[in-house]
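# Residue-level structural notes
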Amino acid sequence: MNRIGFVIGHQLREVRLLHADRMTGGDFGLMRFGWIADWVNARPALGLHYELYRPWHRYDALVFIKAMGERENRLRVRAERHGKATVFDANVNYYNRQGTYYYDGMAPTEAQQKDAEEMTRHCTAVIADSRYIEQCCQPLQPRVKWIPDNVNLRLVRTPVPMTEGSGKKTFFWSGQANKLFEFLAIETTLRHYAHHIRLVLITNSLNALDTWKPDVKQRFDRLLGDIEHEWVPYTNLDELLALYAQRPGICLAPRFLDNAYNLGHTEWKITLAMACGRLALASPIPSYQDVSTRAGGHGVWLCNCEQDWSEAFDRVLRPAIRWDEEEAAAAKVVRTHYATDVIAPAHATYLREILDSKGYKLK
């Protein structure tokens, strides 16, 4: 059995995290490690055992997820001196810092770019969390593979279907509060349809809005003042998926396309809702385009401009839409391409290939 150690986030920088369970890294660590590890470890025939890194254990390979910097690089060098494989899981576009940024800390720093490039160049291989990031990594590393984020369908409840009614339509948005400014990308459309929609905003502390540029915050406050909305505190993925399943609505994922950070995002924001059968309206960042292509244009509608957004809102507010078809298509594309049961085998196969290239045959 080949043992694979996963280093997640700031694990090496805090002693308590070296003794943590699978929750190291929060929801991101649970998804990129925990759900996949459960699938892999339940299948001993794969010859792999995934676990959180412990300094006192011996490993055949190390996977660095959202983990880069001086400590991580030292560990990488030490592992490779002993002939071990190392893999960098590249989850953010740290490679290109161009564009317009809307809050303090949104743009990758020079240090983050340097650290990411160092790990990308010198690890045995790279896992890219989006196809866009894969393209950013390729000039630095010949061995790089796109492995999407995944959704654990065992957590998805039977959804309540959308039905036609005379009331307002519910639009869901979930994410870090400091990213709520993305609504300004469709400000005109939201104002035009304000009397027909309600927003359900699932997020964390709104103190993060204090990091925004003042004019951005003023515009956002004015916008929300004109639209019915509800704040729902984010607690965990179980409750988020339950909300998506139990409350019929539409997933809303607008994004500004004027910075490299947004272009590198994964599809997870929309696939979590789509797994529960919710139609997604989204900006055409590359990962959302992949979902749309795989879904044949059903279950997720991409809006390239203000007119597209307006037409999409108009369609979902009309009674002619076939909600059963759109919601079935949304769930199907996740089940077929983004479920843990689909992504985990691809992850294991790639790790197996990397180990074999270092001379580690199936134990």
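As shown above, the structure is provided for reference.
Residue indices follow the written sequence of each chain, beginning from 1 at its first position. Note on the predicted model: pLDDT of at least 70 is required for a residue's local features to be given, and 80 or more for side-chain atom pairs to be given and counted; whole-chain, interface and lining totals, by contrast, use all residues. Heavy atoms from the whole structure form the basis of all side-chain values; hydrogens and water molecules are not counted.

## Here's the deal with the nonpolar core
Selection rule: We call a set of buried residues a nonpolar core when its members are Ala, Val, Leu, Ile, Met, Phe, Trp, Tyr or Cys and they connect through side-chain atoms within 4.5 Å of each other. Exposed residues in this analysis have more than 50% of their type's maximum accessible area, buried residues have under 20%, and partly exposed residues fall in between, with area computed by a 1.4 Å probe over protein chains only. The contact criterion used throughout is that any non-hydrogen atoms of two residues lie within 4.5 Å.
With 64 residues, the main nonpolar core has Phe 88, Phe 183, Leu 252 and Leu 281 as its most contacted residues. The residues touching Phe 183, leaving out its near neighbours within four places in the chain, are Trp 173, Leu 190, Leu 199, Leu 201, Phe 220, Leu 223, Leu 252 and Pro 254. Residues Ile 8, Val 151, Leu 237 and Ile 285 belong to the second largest nonpolar core, which totals 62 residues.

## Notes on the packing of helix α1 (residues 26-41) against helix α13 (residues 340-357)
Our working rule: Think of each axis as a best-fit line through the C-alpha atoms, taken over the contacting stretch in the case of a helix, with angles from 0 to 180 degrees between the N-to-C directions. Counting from the N terminus, the helices are the DSSP runs of H or I reaching at least four residues and the strands are the DSSP runs of E reaching at least two. Angles are sorted into four bins: roughly parallel if under 35 degrees, roughly antiparallel if over 145, roughly perpendicular if 65 to 115, and oblique for all others. Only Asp, Glu, Lys and Arg are considered charged, only Ala, Val, Leu, Ile, Met, Phe, Trp, Tyr, Cys and Pro nonpolar, and every remaining residue, Gly among them, polar.
The contact between α1 and α13 brings their axes to 9 Å, and the two run at 75°. With respect to α13, the axis of α1 lies roughly perpendicular. On the side of α1, the interface is formed by Trp 35, Ile 36, Trp 39 and Val 40, while α13 contributes Thr 340, Asp 341, Ile 343, Ala 344, Pro 345, His 347 and Ala 348. Its residues assigned to classes, the contact of α1 with α13 comprises eight nonpolar, two polar and one charged.

## Topic: unusual backbone geometry
Positive phi, normally seen in glycine, also occurs at Lys 66, with a value near 55°. Within the secondary structure, Lys 66 is located in the loop between β3 (61-65) and α2 (70-81).

## A look at the side chain of Asp 290
Here is the rule: Polar contact is defined as a pair of N or O atoms within 3.5 Å, subject to the rule that within protein one atom must be able to donate a hydrogen and the other to accept it, and that residues adjacent in sequence are counted only when both atoms are side-chain atoms.
Positionally, Asp 290 belongs in helix α10 (residues 286-295). Residue Asp 290 is classed as buried on the basis of its relative accessible area of 13%. A polar atom in the side chain of Asp 290 sits 3.2 Å from the side chain of Arg 131. Ignoring anything within four residues of it in the chain, the contact list for Asp 290 reads Arg 131, Trp 146 and Tyr 338.

As far as function goes, none of this settles anything; it's purely spatial.
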